[in-house]
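Structural features, examined
Here is what each chain is made of, one letter per residue.
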Amino acid sequence: MPNGGLQVINPSAAIYNRILNQLTNDNAIDSYDFADQSMLGDLFFNRWVTLPYIYNALKTLRMKGVHDAIWRDGRVKNIHYILSPKPWDEKSGHTSNPSHEWWLEKNAERLKEEKAEGIDDGF
Amino acid sequence: MATTNGHEASGALPKKGILSPRSRPSATLRLANALIVWTTVITNTSYLSGLLALDYSLKQSGSKYPLVALYTATFPEEGLAALERRGIPKQAIGYLLPSKTKDYTNDPRFYDCWSKLAPFSLTQFDRVVQLDSDMLVLKNMDELMDLELDAPEMEGKGNRVFAASHACVCNPFKKPHYPKNWYACVSRWIHAISS
């Protein structure tokens, strides 16, 4: 089953119609425990391209005993902050996961630049 | 033939790989103006900081392509204003739900997830990479825009319909409502990182 966090797509009316059609298939929907990603895994079983984890690096993979054996900080291109709490709900120095510090640092940089440009709306 | 940075000039975008661009000049012509974007779906302002950080990190990675915010009718006016203030392009999409409501009480985040299928409908674009707003880009990944996938004319009947990473089915937090067969996915990950 694919993780729905990152999807490379060539938009297609025909594929979209198959998706819309499947949304009305009550029995199939009942079996889709993970919503959209279950559906894509079912409709296109074995017919999608597998990307390396570095493009959608679920933060939990990095944790000891999960997939820390394959995780390399220096190789990850895109980290995915799945589950709660989200990094924006936390403060630097008091994070539930060390990778949240990366987000907080980048976001602080963004806020500083925006403030310099006169944008300060609390987002 | 396909390079990560050559498709604007040559038209050799590998996603149309079933037909060689050389044997099909019209395809080359169309691809010279290929419309390529990142998208992310936003339904409420609780993920807005995530979206803004994602946009900032994509730009910092040196991506050549813009992030388009796909917003549902539930996304409020103040959120739209925040996007406009920062010059982030946006587009309205419908809120997708199955005709029969499935109960995701254990995981309410899944109600919003169906709308992430909307990018398949954005046929004004040649290539879309849909991202979640709770992501942060650490390195340039523009090569995803050059990845070979089935042409839209194949109508989802080919073997490269879309691309994604595997879900991790280890269930590290032992959520009891996860499927019983979600274990020992290490072999799938080895497959994923070696492909």
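Residues numbered from 1 in each chain as written. Chains lettered and ligands numbered in written order. Predicted model: local features only at pLDDT ≥ 70, side-chain atom pairs only at ≥ 80, totals over all residues.

To continue, consider the overall build of chain A. Within chain A, the secondary structure is distributed over four helices and four strands. Starting at the N terminus, the α and β elements of chain A follow one another as β-α-α-α-β-β-β-α. Here the C-alpha coordinates of chain A stretch approximately 50 × 40 × 25 Å along the principal axes. Taken across its 123 residues, chain A has 37% of its residues classed as buried. Long-range contacts, defined here as pairs at least 24 residues apart, represent 36% of the contacts in chain A between residues at least 6 apart. (Helix = DSSP H or I, 4+ residues; strand = E, 2+ residues; numbered from the N terminus. Buried ≥ 20, exposed ≤ 12 C-beta atoms within 10 Å, placed from the backbone. Contact = placed C-beta atoms within 7 Å.)

For the rest of this paragraph, the subject is the overall build of chain B. For chain B, the count of helices and strands is six helices and six strands. What you see in chain B, going N to C, is helices and strands ordered as α-α-β-α-β-α-β-α-β-β-β-α. Counting every position in chain B, which comprises 195 residues, the buried fraction comes to 41%. Across chain B, every contact between residues at least 6 apart in sequence was considered, and the portion connecting residues at least 24 apart equals 56%.

So, on to the nonpolar core. In globular proteins that are soluble, nonpolar side chains generally tend to be buried together. Residues Leu54 and Leu136 of chain B are the most contacted members of the largest nonpolar core, which totals 72 residues. At seven residues, the largest contribution of residues to this core is made by helix 3 (residues 48-60) of chain B. (Core = buried A, V, L, I, M, F, W, Y, C linked by C-beta atoms within 7 Å.)

This part is about the sheet that holds strand 1 (residues 36-42) of chain B. Within the open sheet, the seven strands sit side by side as 2(A)-6(B)-1(A)-4(B)-1(B)-2(B)-3(B). Their pairing is mixed. Each of the sheet's edge strands pairs with one partner strand only, and the pair in question is strand 2 (49-50) of chain A together with strand 3 (90-92) of chain B. One ladder, built from four bridges, connects strand 1 (residues 6-9) of chain A with strand 4 (residues 127-131) of chain B; its direction is antiparallel. Bridging across to strand 4 of chain B, Ile9 of chain A finds its partner in Val128 of chain B. Together, strand 1, strand 2 (67-71) and strand 4 of chain B form the strand contacts of helix 3 of chain B, whose direction differs from that of strand 1 of chain B by roughly 165 degrees. (Pairing = 2+ DSSP bridges. Axes fitted to C-alpha atoms, helices over the stretch in contact; angles between N-to-C directions.)

Now for the domain arrangement of chain A. Each assigned domain of chain A is listed with its residue range as follows: domain 1 (6-50) and domain 2 (53-116). A straight line from the C-alpha centre of domain 1 of chain A to that of domain 2 of chain A covers 28 Å. (Domains from an automatic or database assignment.)

This brings us to the sheet that holds strand 3 (residues 57-58) of chain A. Read across the sheet, three strands follow the order 3(A)-4(A)-5(B) without closing on themselves; strand pairing throughout is mixed. The sheet is open, and its two borders are formed by strand 3 of chain A together with strand 5 (135-137) of chain B, each paired with just one other strand. Pairing analysis gives three bridges linking strand 4 (residues 78-80) of chain A to strand 5 of chain B, with the strands arranged antiparallel. Directly across from His80 of chain A, in strand 5 of chain B, lies its bridge partner Met135 of chain B.

Spanning 17 residues, helix 4 (residues 100-116) of chain A covers 25 Å between terminal C-alpha atoms, matching the ideal 24 Å at 1.5 Å per step. Where helix 4 of chain A ends, the next residue or the one after it, Gly118 of chain A, has phi of about 85 degrees, a positive value. (Expected span 1.5 Å × (residues − 1).)

What follows is about the interface of chain B and chain A. Every contact between the two is made by 67 residues of chain B and, on the other side, 63 residues of chain A. Counting only elements with at least two residues in the side of chain B that touches chain A, the list comes to helix 3, helix 4 (77-85), helix 5 (110-113), strand 4, strand 5, strand 6 (162-164) and helix 6 (186-194) of chain B. Considering every element that reaches the side of chain B that touches chain A, the biggest residue donor is helix 3 of chain B, with seven residues. The residue makeup of the side of chain B that touches chain A, split by class, is 40 nonpolar, 13 polar and 14 charged. Across two bridges, the pairing between strand 1 of chain A and strand 6 of chain B is antiparallel. Looking at strand 6 of chain B, one finds that Val8 of chain A is bridged to Ala163 of chain B. (Nonpolar A, V, L, I, M, F, W, Y, C, P; charged D, E, K, R; others polar.)

This part covers the pairing of strand 1 of chain B. All names here are of chain B. Counting buried positions along strand 1 gives seven out of seven residues, so the element sits mostly inside the fold. Where burial is concerned, the two faces of strand 1 agree: the one with Ile36, Trp38, Thr40 and Ile42 and the one with Val37, Thr39 and Val41 are both buried. The pairing of strand 1 with strand 4 spans five bridges and is parallel. The residue of strand 4 that forms the bridge with Trp38 is Val129. Bridge analysis of strand 1 against strand 2 gives five bridges, and the strand direction is parallel.

Along the chain, Leu144 of chain B falls in the loop between strand 5 and strand 6. Here Leu144 of chain B falls in the buried class, since 21 other C-beta atoms lie within 10 Å of it. Along the chain, Leu144 of chain B and Ser133 of chain B lie eleven residues apart, while their C-alpha atoms are 18 Å from each other. Not counting residues within four places of it along the chain, the set of residues in contact with Leu144 of chain B comprises Val8 and Tyr55 of chain A together with Val129 of chain B.

Of all residues in chain A, 100% have pLDDT values of 70 or greater, and the mean over the chain is 93. When pLDDT is averaged over each element of chain A, helix 4 of chain A comes out on top at 98 and helix 2 (residues 26-30) of chain A at the bottom at 89. (pLDDT = per-residue confidence, 0-100.)

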